[in-house]
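Spelled out from the first residue to the last, the chains are:
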Protein chains: 2
Amino acid sequence: MGTELDKTDLQILKILQANGRITNLQLSNEIGLSPAPTLERVRKLENAEYIKSYHALVDEEKLGLGIKTFIQISLDFHQKNTIQTFLDEIQTIKEITECHHVTGQCDFLLKVYVRDIKSYEQLIMEKISRITVVKTFQTMMIMSTSKKEPIVPLEY
Amino acid sequence: MGTELDKTDLQILKILQANGRITNLQLSNEIGLSPAPTLERVRKLENAEYIKSYHALVDEEKLGLGIKTFIQISLDFHQKNTIQTFLDEIQTIKEITECHHVTGQCDFLLKVYVRDIKSYEQLIMEKISRITVVKTFQTMMIMSTSKKEPIVPLEY
DNA sequence: ATTAAAAAAGAATTTATTTCGGTTAAAGCT
DNA sequence: AGCTTTAACCGAAATAAATTCTTTTTTAAT
């Protein structure tokens, strides 16, 4: 899919990021094309994986996930395959929704969702702290979130 | 909208989180209802804002956003309205896609997307470090992301 | 200018969404 | 238990959208 994206493609990406369930008809109106070429462009963007997937965004609070945290993890590199061991463990923990390998004072940054503090303690005690390659970890409890764009900053 | 969610509603939420553009017809098959009540349930979930919105997920790399970081911010509380001043500034910076007020060694955790290191230096020099209420900040550059669920962990 | 290739439009067809009336099933009451 | 009310579901019809295909337009290159 060598060829580059034009202005219209970027417009489509912007609109679909903001409204993933817009109809092709509405989308075609917004970008000023007829439905047929609009659909063709969307399919191209999907096939070339500029668009990876579509998702509903739910209200975590309403669904009882009252506790959200980031956990900073430092690993103990005195073992073999430290990182792979860690990643394998992380994959099995459903409360961890994000895992980033980062530079700085810690090695990994995790995002966690749980129901309440009791569940959080349980997660820490029975899962995180039992991962052998974890040297230290520190919790950053999220008190509030003032910005959370489901949209990546694209220029056009 | 007082009434609670049943198993079917949770199933719908799970499916729509994983595939935000599934047709109502497919969805109805997956949950074992006919299209009519399926649609009615989805609309209820939307109206009660269990579902907040729908989004396409794009490939940031392919779109030229090569640099992703977290920034830990500590504020200087020797001014009035420190936090509000900070939040107002953050809102104007499009490269910042997330802003969380957290507990721990820092006050805020930001998520940032930029094109390249040059743009990152520019962001730091011309925007972040010019916010008067910012005392210190530290970058955690994301080297890789091994987990990024667009789905919240729901039991059912 | 002419041609070739790509993109867009229009129209027809297929598929999905939405509405509505009727039925069943469950829940609450006496 | 029997009766009643309410809510959920289904099927079918009507509306709307997606998709396909053919024709036209635009673009770019020669």
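Since we're looking at a predicted model, the values are computed, not measured. (Residues numbered from 1 in each chain as written. Chains lettered and ligands numbered in written order. Predicted model: local features only at pLDDT ≥ 70, side-chain atom pairs only at ≥ 80, totals over all residues. Heavy atoms only, no water.)

This part is about the layout of surface pockets. By volume, the largest pocket amounts to about 1,000 Å³. Lining the largest pocket are 50 residues, with Glu98, Lys148 and Glu149 of chain A together with Glu98 and Lys148 of chain B sitting closest to its centre. Here the residues of the lining of the largest pocket sort into 19 nonpolar, 13 polar and 18 charged. (1 Å grid on protein atoms, 1.4 Å probe; cavity = no way out; pocket = protein on both sides within 12 Å on 5 of 7 lines; lining within 4 Å. Points joined across faces, edges and corners; volume = space filled by probe spheres on them. Nonpolar A, V, L, I, M, F, W, Y, C, P; charged D, E, K, R; others polar.)

A word on the protein's contact with DNA strand D. As a matter of local geometry, DNA strand D sits amid 13 residues, with Asn24, Leu25 and Arg43 of chain A together with Ser34 and Arg41 of chain B nearest to it. Taken together, the sugar and phosphate atoms account for 81% of what DNA strand D places within 4 Å of the protein. The backbone of Asn24 of chain A places a nitrogen or oxygen atom 2.6 Å from a phosphate oxygen of DNA strand D. For DNA strand D, a phosphate oxygen lies 3.0 Å from a polar atom in the side chain of Arg41 of chain B. Within the residue set of the surface near DNA strand D, elements represented by two or more residues are α2 (24-31) and α3 (35-47) of chain A together with α3 (35-47) of chain B. Its residues placed into classes, the surface near DNA strand D shows seven nonpolar, three polar and three charged. (Near = heavy atom within 4 Å. Polar contact = N/O pair within 3.5 Å; in protein donor to acceptor, adjacent residues only side chain to side chain. Helix = DSSP H or I, 4+ residues; strand = E, 2+ residues; numbered from the N terminus.)

Residues and elements named next belong to chain B. One can find Thr38 in helix α3. Judged by its relative accessible area of 0%, Thr38 is buried. Residue contacts for Thr38: discarding those within four places in its chain leaves Asn24, Leu27, Ser28, Ile31 and Leu33. (Buried < 20%, exposed > 50% of the residue type's maximum accessible area, 1.4 Å probe, protein only. Contact = heavy atoms within 4.5 Å.)

With that settled, the discussion passes to the domain arrangement of chain A. You can read the domains of chain A as domain 1 (7-47) and domain 2 (67-141). For domain 1 of chain A and domain 2 of chain A, the distance between their C-alpha centroids amounts to 39 Å. (Domains from an automatic or database assignment.)

For the rest of this paragraph, the subject is the packing of aromatic side chains. All names here are of chain B. Applying the stated rule across the entire model yields three aromatic pairs over all chains. For the ring pair Phe86 and Phe108, a centre distance of 4.6 Å and an interplane angle of 45 degrees mean the geometry is tilted. With Phe86 in helix α4 (residues 82-91) and Phe108 in strand β4 (residues 108-114), the pair connects residues that are 22 residues apart, well separated along the chain. Like Phe86, the residue Phe108 is buried in the burial classification. (Phe/Tyr/Trp six-rings, centres within 6.5 Å; stacked < 30°, edge-to-face > 60°.)

A separate point is the relation of the copies chain A and chain B. Each of the two chain copies goes to the other by way of a rotation about an axis and a shift along it. The transformation that overlays chain A on chain B combines an axial shift of 0.0 Å with a rotation of 180 degrees, and the residual RMSD is 0.0 Å. Expressed as an axis order, the relation between the two copies is that of a two-fold axis. Nearest to the rotation axis, the C-alpha of His55 of chain A is located 2.7 Å from it, this being the minimum over chain A. Most of the interface of chain A is mirrored in chain B, where 100% of its interface residues again form contacts. (Least-squares fit on C-alpha atoms with pLDDT ≥ 70 in both.)

Moving on: the interface of chain A and chain B. Each partner contributes residues to the interface: chain A has 65 residues there, and chain B has 66 residues. Roughly 6,300 Å² of surface becomes buried between chain A and chain B when both sides are summed, with 57% attributable to carbon and sulfur atoms. On the chain A side of the interface with chain B, the three residues burying the most area are Arg21, His55 and Lys147 of chain A, jointly 13% of the side's total. One can count zero salt bridges joining chain A with chain B. Linking chain A with chain B are 41 residue pairs in polar contact (both at pLDDT 80 or more), by the criterion used here. (Buried area = accessible area lost by both parts, 1.4 Å probe. Salt bridge = Lys/Arg side-chain N within 4 Å of Asp/Glu carboxyl O.)

Inspection of the region around DNA strand C gives 13 residues, with Ser34 and Arg41 of chain A together with Asn24, Leu25 and Arg43 of chain B positioned closest. With respect to DNA strand C, the backbone of Asn24 of chain B contributes an N or O atom lying 2.7 Å from a phosphate oxygen. Secondary-structure elements contributing two or more residues to the surface near DNA strand C are α3 of chain A together with α2 (24-31) and α3 of chain B. Looking at the surface near DNA strand C residue by residue, the classes come out as seven nonpolar, three polar and three charged.

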